[in-house]
Amino acid sequence: MSTLEEKAALFQQYHVKGKPLVLVNVWDAGSAQAIQSAGATAIATGSWSVAAAHGERDGEAMPFHLVLANLARITASVDLPVTIDIEGGYGRSVSEVKRNILQVIDHGAVGINIEDQLPAGLGLYTVEEQCPRLSAAREAAEQAGIPLFINARTDIFLQHAPEHHNHSLLEEALIRSSHYADAGASGLFVPGLQDHQLIQELCERSPLPINVMVTSPEPSPKQLATLGVARVSYGPYPYLQVMEHLKKLGRNIISGN
C-alpha cells in the first residue's frame, strides 16, 4: 500500500490538461469501494451527497466531526488517493481553516475542494479574504509534509444563471485563478460553467488546471478533454441517480411487481 505522501504525489500527476482525471463523486465507504471496483484512479467525495446520505442539508450543516469520521471510513476502505469536498473550510478565519485542513490530512485525504462562496450562499469572499484562507490550507499541508492538492472552487458561475455567463464573468474567474495560484492553490474548480467556448478559453488562459463539474451524461469527459479540461467531476449526480434507482426498486418490490 502506498504512503499518504505517495498517494498525494500520484494524485497531483493525474491532473493533465487535455487528459482529464475523471472523478465519480462518492458519499461513504460503500460507494467509494464501488467506484474503486469500477476502475477509478482516485476517489472524491461530494459535500451535497455526503450531507444527503446523512440526512443533512448541504452548506456545512453536517457537523465537522461526522465529516471527519466519514472521511476516515472512506480512506480506510480503499487503496486509492482520496480528495474531500470541505465546502468553505468549515471556518471563516485563517486559523480555523488551517486547523481543519490538518485534521483532514490526518484522516487520510490528499486533496481538498475549498470554495469562495460565503456560508449559506450569501455571495463570495473577496479575493483579499479568500487568498489568506488558501494560504492557510497550504501552510497546513506543508506542516503535515503532504503535497496536498488544493482545488480552489470559485462559485462565480454558480451565482449566475447559465444564460448570463459571459466574458465579464470569465475575466473575474481568471483574476481569481491567478491570485489563488499565488496563494498556493493547485487547481481551479468552476461548477456551473457549461459554455464550451468559455471553458476552452478559461483552460487556455488559467495558470491553474481546470476542474469542470458535470451533472448529466453529457458532455462526456472526452468532449471536455478537447477543451483542455484537466479534471471532470460529477458532484451530486451519482448520488441522485442511485437514490432514484433505489426508489424505483423499492416501489416495484412494495407493489409486488
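What counts, and where the lines are drawn
Residues numbered from 1 in each chain as written. Predicted model: local features only at pLDDT ≥ 70, side-chain atom pairs only at ≥ 80, totals over all residues. Heavy atoms only, no water. 1 Å grid on protein atoms, 1.4 Å probe; cavity = no way out; pocket = protein on both sides within 12 Å on 5 of 7 lines; lining within 4 Å. Points joined across faces, edges and corners; volume = space filled by probe spheres on them. Helix = DSSP H or I, 4+ residues; strand = E, 2+ residues; numbered from the N terminus. Salt bridge = Lys/Arg side-chain N within 4 Å of Asp/Glu carboxyl O. Buried < 20%, exposed > 50% of the residue type's maximum accessible area, 1.4 Å probe, protein only. Pairing = 2+ DSSP bridges. Contact = heavy atoms within 4.5 Å. Axes fitted to C-alpha atoms, helices over the stretch in contact; angles between N-to-C directions.

(A) Quick peek at the layout of surface pockets. By volume, the largest pocket is sized at about 400 Å³. Contributing to the lining of the largest pocket are 34 residues, with Ser-47, Asp-58, Asp-85, Glu-115 and Arg-153 lying nearest its centre. At the level of secondary structure, the elements contributing two or more residues to the lining of the largest pocket comprise helix 3 (47-53), strand 4 (111-115) and strand 8 (231-233). Take the lining of the largest pocket: its biggest share by element is three residues, from helix 3.

(B) Spotlight on the pattern of salt bridges. Applying the stated criterion across every chain yields a total of eight salt bridges. The salt bridge partner of Glu-115 is Arg-153, with a shortest N-O separation of 3.5 Å. Taken together, the positions of Glu-115 in strand 4 and Arg-153 in strand 5 (residues 149-153) put the pair 38 residues apart, joining distant regions of the chain. A single burial state applies to Glu-115 and to Arg-153, both of which are buried. Between Glu-201 and Arg-205 there is a salt bridge, and its shortest N-O distance comes to 3.0 Å.

(C) Main features of the sheet that holds strand 7 (residues 210-213). Spatially, the eight strands line up as an open sheet ordered 1-8-7-6-5-4-3-2, and their pairing is parallel. Strands with a single pairing partner mark the edges of an open sheet, and in this sheet they are strand 1 (21-23) and strand 2 (43-44). Here strand 5 runs beside strand 6 (residues 187-189); their pairing, made up of three bridges, is parallel. Its bridge partner being in strand 6, Asn-151 is matched across the sheet by Gly-187. Those strands touched by helix 6 (residues 127-144) are strand 4 and strand 5, and its axis lies near 165 degrees from that of strand 4.

Coordinates in, geometry out; function isn't part of it.
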